[in-house]
Amino acid sequence: MADKAFETLVVHAGKEFAVPTPGGRPVTVPIDMSVGYAQQSMKALDDVFATGEGYVYVRYGTPTVAAFEHAVAALEAAPEAVAYGSGMAALTGAILGAGAKQGSTVVCARDVYGATIALLRDVLGTMGVEMVLVDITDHKVVAEALAAPAACTLVCETVSNPLLVVADVPALAEIAHQQGATLIVDSTFATPYLYRPYLDGVDYVVHSATKYISGHGDVMAGVIACNSARATDLRNRQKSLGANLGPMEAWLALRGIRTLALRMKQQCASAARVAAWLDADPRVAHVNYPGLAHHAQHELTARLFAGKGFGAMISFDLRNAGRAEVFALMEALQLIAPVTTLGDVYSLMLYPAMASHRGLPAEQRKAIGIGDGLVRLSVGIEAPEDIIADLDQALDSAQGAK
Ligand code: PLP
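Before going into details, it helps to say that this report is about the structure given with it. (Residues numbered from 1 in each chain as written. Predicted model: local features only at pLDDT ≥ 70, side-chain atom pairs only at ≥ 80, totals over all residues. Heavy atoms only, no water.)

## A look at the overall build of the protein chain
And then number 1: For the protein chain, the count of helices and strands is 15 helices and 11 strands.
And then number 2: Over its C-alpha atoms the protein chain spans a radius of gyration of 21 Å, differing by no more than 12% from the 21 Å that the globule rule assigns to 402 residues.
And then number 3: When its C-alpha atoms are laid out on the principal axes, the protein chain stretches across 75 × 55 × 35 Å.
And then number 4: When the accessible surface of the protein chain is split by element, carbon and sulfur atoms take 56% of a total near 16,400 Å².
And then number 5: Taken together, the 30 basic and 40 acidic charged side chains of the protein chain have centroids lying 3 Å from each other. (Helix = DSSP H or I, 4+ residues; strand = E, 2+ residues; numbered from the N terminus. Rg over C-alpha atoms; globule rule 2.2 N^0.38 Å. Areas by Shrake-Rupley, 256 points an atom, 1.4 Å probe, with all protein chains shown as cover. Lys, Arg positive; Asp, Glu negative; His and termini not counted. Charge placed at Lys NZ, Arg CZ, Asp CG, Glu CD.)

This is the structure:
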């Protein structure tokens with residue numbers, strides 16, 4: 001299967017878990033809700049505990065979750081994948097797996113998703129893990145931060161949330177490895193359709209599968225793609241952490257994967273059109289979208305994503321606007337949902353200063369470029385002209401709020 005095109009992989013990956021029943025072979029992977037599994041003998045049960053091959057108890061792994069994990073590993077061209085109950089649980093698993101402990105330092109891109117910073121600052125920080133924030137585009141600064149003896153890992157996003165800064169992942173993997181550190185990349189915005197970070201040396205490829213991988217706004221899930229030694233370590237930790245994905249959620253995420261290529265193709269094409277329209281509009285001060293020629297990492301993104309597109313996330317600053325104008329814009333939306341998530345078939349808008357980056361002090365938000373007039377748009381699969389028409393009338397309302 002690994003030799004097949006991505007468009008074929010998304011449809012078929014994991015289908016080996018659709019095992020034959022006495023009456024026939026199901027076409028889709030069944031939802032296996034069993035909490036426990038009986039074995040033929042106590043010796044066989046002992047073997048499953050010892051080897052991890054087979055099933056004993058839901059927290060140790062179940063067939064539907066395994067099918068989802070196999071599918072993600074295939075899409076990421078990684079040997080294995082380990083599922084979690086959320087993207088944040090997966091990030092926690094990866095950071096702990098990378099060796100974060102009392103006295104160690106985690107170097108992190110300064111403009112990642114707000115909850116990732118909160119995890120490092122408010123949870124791991126209280127346990128003695130130091131966080132050093134860096135501009136991920138300044139490789140000299142990244143290398144210096146990683147040169148600290150206690151630095152164990154570098155965390156960044158392929159495409160950052162919400163500023164759409166694109167990381168030079170192959171170069172960062174080299175820098176991290178030269179300093180004896182690992183690289184964790186949250187690739188939620190890129191998805192394996194656009195980019196497979198494992199092939200460029202990334203140690204832990206993390207996704208909030210709540211987003212594009214599932215794609216329909218009806219499931220929370222997380223996943224890490226990595227090599228087998230790291231996967232075994234993560235699975236062992238999972239037995240104590242208990243941050244597992246449930247079988248129903250795994251099934252929904254797997255069903256979402258079946259259309260990932262189709263959705264991404266459409267969403268990337270629509271986003272390019274919407275971004276160009278916003279970029280030409282005088283009511284908009286600045287548009288962050290890697291597909292625009294003026295984006296600082298336009299060339300890099302074209303190289304990394306190999307012509308498949310530039311993603312479907314856009315952020316933009318309203319001209320001379322703050323909270324009141326953004327509120328007016330978002331309340332005027334009729335088609336685009338003003339909802340705190342992304343990557344769905346529906347177009348969605350979020351106000352980072354109030355939602356995803358609410359936990360950051362205002363000065364820190366401003367310093368990294370998340371101003372009070374910035375909004376984030378996740379372009380869905382609706383007709384792009386309808387998305388543009390909704391933005392057009394909502395931008396008029398924002399103007400009226402001045
Ligand atoms: N990573 C990114 C880039 C995100 O945008 C999010 C959530 O918005 C997460 C991780 C966390 O994912 P979850 O909500 O599934 O825990």
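## Structural notes on the packing of aromatic side chains
And then number 1: Scanning all chains against the criterion turns up 6 aromatic pairs.
And then number 2: Both rings, one in Y57 and one in Y60, keep their centres 6.3 Å apart while their planes meet at 75 degrees; by these two values the pair is edge-to-face.
And then number 3: Under the relative-accessibility criterion, Y60 is labelled partly exposed at 38%.
And then number 4: Look at Y195 and F305: their rings are 6.1 Å apart centre to centre, the planes differ by 40 degrees, and that puts the pair in the tilted class. (Phe/Tyr/Trp six-rings, centres within 6.5 Å; stacked < 30°, edge-to-face > 60°. Buried < 20%, exposed > 50% of the residue type's maximum accessible area, 1.4 Å probe, protein only.)

## Observations regarding the environment of Q399
And then number 1: Topologically, Q399 is positioned in helix α15 (residues 384-400).
And then number 2: Classification of Q399 by relative accessible area gives partly exposed; the value is 37%.
And then number 3: The sequence separation of Q399 and M248 amounts to 151 residues, and the corresponding C-alpha distance is 45 Å.

## With respect to the pattern of salt bridges
And then number 1: Counted by the stated rule, this structure contains 13 salt bridges.
And then number 2: The shortest N-O distance in the salt bridge between D203 and R230 comes to 3.2 Å. Remark: R230 occurs in helix α9 (residues 228-241) and D203 occurs in the loop between α8 (191-194) and β6 (204-208); sequence separation between them is 27 residues.
And then number 3: For R230, a relative accessible area of 22% translates into the label partly exposed. (Salt bridge = Lys/Arg side-chain N within 4 Å of Asp/Glu carboxyl O.)

## Some thoughts on the pairing of strand β7 (residues 222-226)
The side chains of a regular strand alternate, first on one face of the sheet and then on the other.
And then number 1: Within β7, 5 of the 5 residues are buried, which leaves the element mostly enclosed by the surrounding structure.
And then number 2: Of the two faces of β7, the one lined by G222, I224 and C226 and the one lined by V223 and A225 are each fully buried.
And then number 3: Summarising the sheet, strand β1 (residues 80-84) and β7 pair through 5 bridges and their orientation is antiparallel. Each bridged residue has a counterpart across the sheet, and for A83 the counterpart in β7 is V223. (Pairing = 2+ DSSP bridges.)

## Considering the sheet that holds β6
And then number 1: The 7 strands are arranged β1-β7-β6-β5-β4-β2-β3 in an open sheet whose pairing can be described as mixed. Each edge of the open sheet carries a strand with a single partner, namely β1 and β3 (130-134). Neighbouring strand axes in the sheet, compared pairwise and without regard to direction, differ in orientation by 20 degrees on average.
And then number 2: Sheet contacts for helix α4 (residues 87-97): β1, β2 (105-109), β4 (151-157), β5 (182-186), β6 and β7; angle to β6, the most-contacted strand, approximately 165 degrees.
And then number 3: Relative to the sheet, helix α7 (residues 169-178) contacts β4 and β5, its axis offset from that of β5 by approximately 150 degrees. (Axes fitted to C-alpha atoms, helices over the stretch in contact; angles between N-to-C directions. Contact = heavy atoms within 4.5 Å.)

## Structural notes on the site of the ligand
And then number 1: Lining the immediate environment of the ligand, one finds 14 residues, of which G87, D186, S208, T210 and K211 sit closest.
And then number 2: Contacts to the ligand include G87, whose backbone N or O atom sits 2.9 Å from an oxygen atom.
And then number 3: Here an oxygen atom of the ligand sits 2.8 Å away from a polar atom, N or O, in the side chain of K211.
And then number 4: Out of a free accessible area of 390 Å², the ligand has 90% covered by protein chains.
And then number 5: The leading source of residues in the shell around the ligand is α4, at 3 residues.
And then number 6: Its residues assigned to classes, the shell around the ligand comprises 5 nonpolar, 6 polar and 3 charged. (Near = heavy atom within 4 Å. Polar contact = N/O pair within 3.5 Å; in protein donor to acceptor, adjacent residues only side chain to side chain. Nonpolar A, V, L, I, M, F, W, Y, C, P; charged D, E, K, R; others polar.)

## Some thoughts on helix α5 (residues 114-124)
And then number 1: Those residues of α5 lying buried are G114, T116, I117, L119, L120 and L124.
And then number 2: Of the surrounding elements, those touching the buried residues of α5 are α4, β2, β3 and β4.

## A short note on a nonpolar patch on the surface
And then number 1: Taken together, the side chains of V35, F49, Y57 and Y60 make up a nonpolar region of the molecular surface, amounting to roughly 390 Å² of accessible area.
And then number 2: Within the secondary structure, V35 is located in the loop between α1 (6-12) and α2 (42-51). (Patch = residues over 30% accessible without salt bridge, like charges linked within 9 Å, V, L, I, M, F, W, Y side chains within 5 Å.)

## Overview of the packing of helix α13 (residues 323-332) against α15
And then number 1: In the contact formed by α13 and α15, the axes pass within 8 Å of each other and the chain directions differ by 140 degrees. At the point where α13 passes α15, the crossing takes the right-handed sense. Residues E325, A328, L329 and A332 of α13 form the contact with α15, whose participating residues are D390, Q393, A394, L395, S397 and A398.
And then number 2: Considering only residue class, the contact of α13 with α15 consists of 6 nonpolar, 2 polar and 2 charged. (Left-handed = near helix turned anticlockwise from the far one by under 90°.)

## With respect to unusual backbone geometry
And then number 1: The amide bond that connects N161 to the next residue, P162, takes the cis arrangement and shows omega of 10 degrees.
And then number 2: Here P162 lies in the loop between β4 and α7.
And then number 3: Positive phi is not limited to glycine here, since A306 has a value of about 50 degrees.
And then number 4: Structurally, the position occupied by A306 is in the loop between α12 (298-304) and β9 (313-318).

## Notes on the nonpolar core
In a soluble, globular protein the nonpolar side chains are often hidden away together inside.
And then number 1: Grouped together as the largest cluster of nonpolar side chains are 128 residues, with contacts concentrated most on F68, L183, I314, F316 and M349.
And then number 2: Dropping the residues within four chain positions of it, L183 is found in contact with T153, L154, C156, V169, L172, A173, A176, V202, D203 and Y204. (Core = buried A, V, L, I, M, F, W, Y, C linked by side-chain atoms within 4.5 Å.)

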